[in-house]
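# Understanding the architecture of this molecule
Next come the chains, spelled out residue by residue.
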Amino acid sequence: MYYSQSYPADVDIPDIEPDFSAPFFQGFQVVASYILAGAMIVVLIMLIIAGAALAFRGLASDRVRTWAGENIVWIFIAAAVLGAASGLFQWFINFDFGF
């Protein structure tokens, strides 16, 4: 069977605006901001420790320097991913620490 349907050439699609007035949404923003900020601080501390261990030979033990040499690239990748996620969160949602 063959069905023939005609469709209108112009379709009016109304503008859709999201409603962010849900009571839990502000709390979700604060919790997500805390999690992102905490993760970024941890990664920054790891980056500082790894960089210092590699830059100054007498500062850290051989085990710490081995760990830093093996994981410095992954720490940079984690910092880039967290920075991008935090930037997108700030751009779209609003980076709110709840102060």
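A brief look at the structure comes next. The shown structure was predicted, so the numbers you read here are calculated from the model rather than taken from an experiment.

### Some remarks on the overall build of the chain
- Of regular secondary structure, the chain possesses 2 helices and 0 strands.
- The burial tally for the chain puts 18% of its 99 residues in the buried class.
- Across the chain, the fraction of contacts at a sequence separation of at least 24, relative to all contacts at a separation of at least 6, is 67%.
- As displayed, the chain has an accessible area near 8300 Å², and 68% of this comes from carbon and sulfur atoms.

### Re the nonpolar core
- Counting 11 residues, the largest nonpolar core is built from A32, L36, V43, A50, A53, A60, A68, I72, I75, L82 and F89.
- When residues of this core are traced back to their parent elements, those giving at least two are α1 (25-55) and α2 (62-92).

### Thoughts on α1
- For α1, built from 31 residues, the straight-helix expectation of 45 Å at 1.5 Å per residue is met to within 8% by its first-to-last C-alpha distance of 44 Å.
- Of all the residues in α1, the buried ones are F25, Q29, V30, A32, S33, L36, A37, V43, A50 and A53.
- Looking at the packing, one finds that the buried side of α1 touches α2.

### Some words on α2
- In this model, α2 (31 residues) spans 44 Å end to end at C-alpha, consistent with the 45 Å of a helix rising 1.5 Å per residue.
- Of all the bends in α2, the greatest measures close to 55 degrees and is centred on N71.
- Where α2 is concerned, the buried positions are R65, A68, I72, I75, L82, S86 and F89.
- Contacts made by the buried residues of α2 are with α1.

### Describing the pattern of salt bridges
- Per the stated rule, a full pass over the model turns up 1 salt bridge.
- A salt bridge links D62 to R65, with the shortest nitrogen-to-oxygen separation between them at 2.1 Å. One end of the pair, D62, and the other, R65, are both in helix α2, 3 residues apart, so they sit about a helical turn from each other.

### So, the packing of α1 against α2
- The geometry of α1 relative to α2 is characterised by a closest axis approach of 8 Å and an angle of 150 degrees between their N-to-C directions. Between α1 and α2, the crossing angle belongs to the class labelled roughly antiparallel. Seen from above, α1 lies across α2 with left-handed handedness.
- The class makeup of the residues in the contact of α1 with α2 is 21 nonpolar, 6 polar and 1 charged.

The rules behind each value
- Residues numbered from 1 in each chain as written.
- Predicted model: local features only at pLDDT ≥ 70, side-chain atom pairs only at ≥ 80, totals over all residues.
- Heavy atoms only, no water.
- Helix = DSSP H or I, 4+ residues; strand = E, 2+ residues; numbered from the N terminus.
- Buried < 20%, exposed > 50% of the residue type's maximum accessible area, 1.4 Å probe, protein only.
- Contact = heavy atoms within 4.5 Å.
- Areas by Shrake-Rupley, 256 points an atom, 1.4 Å probe, with all protein chains shown as cover.
- Core = buried A, V, L, I, M, F, W, Y, C linked by side-chain atoms within 4.5 Å.
- Expected span 1.5 Å × (residues − 1).
- Bend = angle between axes of the 7 residues up to and from the residue.
- Salt bridge = Lys/Arg side-chain N within 4 Å of Asp/Glu carboxyl O.
- Axes fitted to C-alpha atoms, helices over the stretch in contact; angles between N-to-C directions.
- Parallel < 35°, antiparallel > 145°, perpendicular 65-115°, else oblique.
- Left-handed = near helix turned anticlockwise from the far one by under 90°.
- Nonpolar A, V, L, I, M, F, W, Y, C, P; charged D, E, K, R; others polar.

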